[in-house]
Amino acid sequence: MKELLKPFGFNESGKPVHVTLAGLTYPDASYSIRRKNSDVSVIEYVTEGTGYVLIDGEEHFVTKDTVYFLTQGDDHIYRADEKEPYSKIFLNVTGTMSVRIAEEFGLNGKHFFSGEGLKELFEGIMDIISSDMTDNEMQSALRGAYVEILSRLSYAQNERVYGREAAELKNYIDSNPGKIITAKELGHVIFRSPDYCLKLFKREFGTTPYAYQLERKMDMAKILLADTNTSVGETARRLGYNDMHYFSNLFFSKCGVRPLQYRKMKRK
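If you're wondering where the values come from, they're calculated on a predicted model, not measured in any experiment.

Draft legend 1. Representation of the overall build of the chain. For the chain, the count of helices and strands is 10 helices and 10 strands. Its C-alpha atoms give the chain a radius of gyration of 20 Å, near enough to 18 Å, the size a compact globule of 268 residues would have. Seen through its C-alpha atoms, the chain measures out along the principal axes to roughly 55 × 45 × 35 Å. Out of the 268 residues in the chain, the part that is buried amounts to 47%. Put simply, of all contacts in the chain between residues at least 6 apart along the chain, 69% involve residues at least 24 apart. Carbon and sulfur atoms make up 50% of the accessible area of the chain, which totals about 13700 Å². In the chain, the 36 positive side-chain charges and the 37 negative ones have mean positions that sit 8 Å from each other.

Okay, structure coming up:
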């Protein structure tokens, strides 16, 4: 079987999100993967051909432009179709936050998605691993690609599950982690009143826009603190907080420890 692969090895440093392998598989009728209680999550985009993925004893047929997502800790069984074997671009990801991020995006238990509009994101994975970046730079870029893909899958799903307006509000918040978004600003997104946006968001998602974006920001802060060398001040600025002390107090109120304490805990 011919493949273009970029291995990174095991998550020896215990990073919350760590890419172990990325690449492209070429068509091969004998291609088959079986992982019992998999130690990685996999997300794969079918570029050509067809294949099969086994979920809870049921075999699912996947074709061109299908994305499938299998989470760490589950059994992974998938194979190429013998007559028209598929090729696919993929990421293998591990770490405590790799599954948590998917859950936060509402993808827990979801496995199959339309890849419409996602081709360029997955092709970007190939651009990254074919570049002259260092391994650390590739890791950072691929982690970003992983989160972006999950975000896009979540948005596409939510647009079907929830109303278009509610999905647009959630996507706007997800796409702007560096801003403190007000109800008035959300109103401008869908041309509605701030009060309408607050009630709509609460009804569809069971929480307020403020509480939702705060939770997203704290999750992002944890990733930046644990997985990068970004200073606390820069982390705060990236999340829309110009006052580092305000951010530190907010982080403490939500997470029970100060940002630097959290970093030290995760790097022991």
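Draft legend 2. Focus on the layout of surface pockets. Its volume calculated, the largest pocket comes out at about 740 Å³. Around the largest pocket, the lining comprises 31 residues; the ones closest to its centre are Phe105, Val147, Pro177, Met220 and Ile223. For the lining of the largest pocket, the secondary-structure elements that each account for two or more residues are helix 1 (96-104), helix 3 (135-161), helix 4 (164-174) and helix 7 (209-227). Examining the composition of the lining of the largest pocket, we find that 8 residues originate from one element, helix 7, more than from any other. By residue class, the composition of the lining of the largest pocket is 11 nonpolar, 8 polar and 12 charged. When its volume is computed, the second largest pocket comes out at roughly 300 Å³. In this structure, the second largest pocket is lined by 17 residues; those nearest its centre are Lys15, Asn136, Gln139, Arg143 and Asp227. No other element matches the 6 residues that helix 3 contributes to the lining of the second largest pocket. Here the lining of the second largest pocket is built from residues that sort into 2 nonpolar, 8 polar and 7 charged.

Draft legend 3. The pattern of salt bridges, seen in detail. This model, assessed by the stated rule, comprises 21 salt bridges. Here Asp174 ties to Lys170 by a salt bridge, and the two come within 3.1 Å at their closest N and O atoms. Pair noted here: Asp174 and Lys170 are both in helix 4, with a separation of 4 residues, about one helical turn. The exposure classification of Asp174 matches that of Lys170, with both residues buried.

Draft legend 4. Up close: the pairing of strand 5 (residues 51-55). The two faces of strand 5 differ: Gly51, Val53 and Ile55 on one face are buried, but Tyr52 and Leu54 on the other face are not. With 5 bridges joining them, strand 5 and strand 6 (residues 58-62) adopt antiparallel strand pairing. Residue pairing across strands places Tyr52 opposite Phe61, the latter belonging to strand 6. When strand 5 meets strand 8 (residues 76-80), the two strands line up antiparallel, connected through 4 bridges. By the bridge assignment for strand 8, Val53 is matched with Tyr78.

Draft legend 5. Main features of helix 7. With 19 residues, helix 7 should reach 27 Å at 1.5 Å per residue; the first-to-last C-alpha distance of 27 Å fits that figure. Within helix 7, 15 of the 19 residues are buried, which leaves it mostly tucked inside the rest of the structure.

Draft legend 6. Main features of the packing of aromatic side chains. As enumerated under the stated definition, the model contains 10 aromatic pairs in all. Ring centres of Tyr31 and Tyr86 lie 6.1 Å apart, and the angle between their planes is 65 degrees; on these two criteria the pair is classed as edge-to-face. Here Tyr31, found in the loop between strand 2 (18-25) and strand 3 (32-35), pairs with Tyr86, found in the loop between strand 8 and strand 9 (87-94); they are 55 residues apart in sequence, far enough to count as distant. Taking the relative accessible area as the measure of exposure, Tyr31 reaches 9% and is therefore buried. A connected cluster of aromatic rings, assembled from ring pairs, spans Tyr241, Tyr246, Phe247, Phe251 and Tyr262. Against the face of Tyr196 rests Arg192, its NZ or CZ located 4.3 Å from the ring centre. Across from the ring centre of Phe252, 4.6 Å away, lies the NZ or CZ of Arg258, which sits over that ring.

What counts, and where the lines are drawn
- Residues numbered from 1 in each chain as written.
- Predicted model: local features only at pLDDT ≥ 70, side-chain atom pairs only at ≥ 80, totals over all residues.
- Heavy atoms only, no water.
- Helix = DSSP H or I, 4+ residues; strand = E, 2+ residues; numbered from the N terminus.
- Rg over C-alpha atoms; globule rule 2.2 N^0.38 Å.
- Buried < 20%, exposed > 50% of the residue type's maximum accessible area, 1.4 Å probe, protein only.
- Contact = heavy atoms within 4.5 Å.
- Areas by Shrake-Rupley, 256 points an atom, 1.4 Å probe, with all protein chains shown as cover.
- Lys, Arg positive; Asp, Glu negative; His and termini not counted.
- Charge placed at Lys NZ, Arg CZ, Asp CG, Glu CD.
- 1 Å grid on protein atoms, 1.4 Å probe; cavity = no way out; pocket = protein on both sides within 12 Å on 5 of 7 lines; lining within 4 Å.
- Points joined across faces, edges and corners; volume = space filled by probe spheres on them.
- Nonpolar A, V, L, I, M, F, W, Y, C, P; charged D, E, K, R; others polar.
- Salt bridge = Lys/Arg side-chain N within 4 Å of Asp/Glu carboxyl O.
- Pairing = 2+ DSSP bridges.
- Expected span 1.5 Å × (residues − 1).
- Phe/Tyr/Trp six-rings, centres within 6.5 Å; stacked < 30°, edge-to-face > 60°.
- Lys NZ or Arg CZ within 6 Å of the ring centre and 35° of its normal.

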